[in-house]
Amino acid sequence: MFQQFITIWGGIPTNFKAEVLTLNGSEKTVPGLMAIGEAACVSVHGANRLGSNSLIDLVVFGRAAAKRAAELIKPGSQHEEVSNSETDKCLERFDKIRNSHGSTKTSELRLEMQKTMQSKCAVFRTEKTLKEGVEQIRKPYEGISDISVKDKSLLFNTDLVETLEFDNLISQALTTMDSAYNRKESRGAHAREDFTKRDDKNFMKHTLAWQKGKEVEIKYRDVHSRTLTNDVQYFPPKERVY
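Let me sum up the structure you'll find in this document.

Turning our attention to the pattern of salt bridges. Opposite charge on two side chains lets them pair, provided their charged atoms get close. According to the stated counting rule, one finds 19 salt bridges in the structure shown. Arg-68 is paired through a salt bridge with Glu-71; the nearest N and O atoms lie 2.8 Å apart. Note that Arg-68 and Glu-71 are positioned in helix H1 (residues 53-72) at a spacing of three residues, about one turn of the helix. On the basis of relative accessible area, Glu-71 is assigned to the partly exposed category, the value being 43%.

What follows is the structure, given as structure tokens:
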């Protein structure tokens, strides 16, 4: 009885059982990986909007995730072994950042990122500000190569933690900026002053983004315009008015 269509929030694509889908646009799931809440995009209207989190996220998809996990995980089953190559990738990233000997403080790059996102990618956006933001947000990203982590210890190292956090955040900022620049319409919290109306003809679809270094590849995933049962009809989305 799930009706599926666009949600205003981003997230990891999942099916209605909270199983993560592959990013090639198919319905194939990633074995053992699940997501719910604001981390997920179920393609169900309101599934991760602030006003309905406690209801649909927990009661509907939280329950669905638990039921599906119980079906998949058998008592006494063991975890699959993680390959050394995957573990090494994590350790190499950690050691590289911990042993950074640049001249730029993490706090300086973080502040530059924050100012760029607040001034160029706020709720109300224009082609001009977003285009400027696309260029400017790459400066703090490039600054990672000169970042400084003075504390090399492994205990209560806030300098290292903040740098690891920045490494995560700047990638999200890059992706957010490019995705916003690419979507020429207004929808939910994405308000373009130069494209004030929602454009269902061209943008009734989910944005998928792949970040590779400072380049972001944009693709799309279709929004489901059908229900998964005959017990309820499909309700087309309507413009939000007050």
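Where helix H4 (residues 127-136) is concerned, the buried positions are Leu-130, Gly-133 and Val-134. Angular distribution of buried residues about the axis of H4 spans 105°; they occupy a single face of the element. When the buried face of H4 is taken as reference, the exposed residues oriented beyond 90 degrees from it are Lys-128 and Glu-135. On its buried face, H4 sits against helix H3 (106-120), strand E6 (124-125), helix H5 (138-142), helix H6 (158-182) and strand E8 (191-192).

Rules behind the numbers
All residue numbers refer to positions counted from 1 along the written sequence of the respective chain. With the structure being a predicted model, the display of local features is reserved for residues of pLDDT at least 70 and the display and counting of side-chain atom pairs for 80 or more, all residues being used for whole-chain, interface and lining totals. Where side-chain values are given, they derive from all heavy atoms of the structure, hydrogens and water being excluded. Within this document, salt bridges are pairs made up of a side-chain nitrogen of Lys or Arg and a carboxyl oxygen of Asp or Glu, the two lying within 4 Å of each other. Helix and strand definitions here come from DSSP, where helices need a minimum of 4 consecutive H or I residues and strands a minimum of 2 consecutive E residues; each element is numbered from the N-terminal end. In this scheme, a residue with accessible area under 20% of its type's maximum is buried, one over 50% is exposed, and one in between is partly exposed, where area comes from a 1.4 Å probe on protein chains only. Here the arc refers to the set of directions running from the helix axis out to each C-beta atom. Should any heavy atoms of two residues lie within 4.5 Å, those residues are considered in contact.

By themselves, these figures tell us nothing about what the structure is for.
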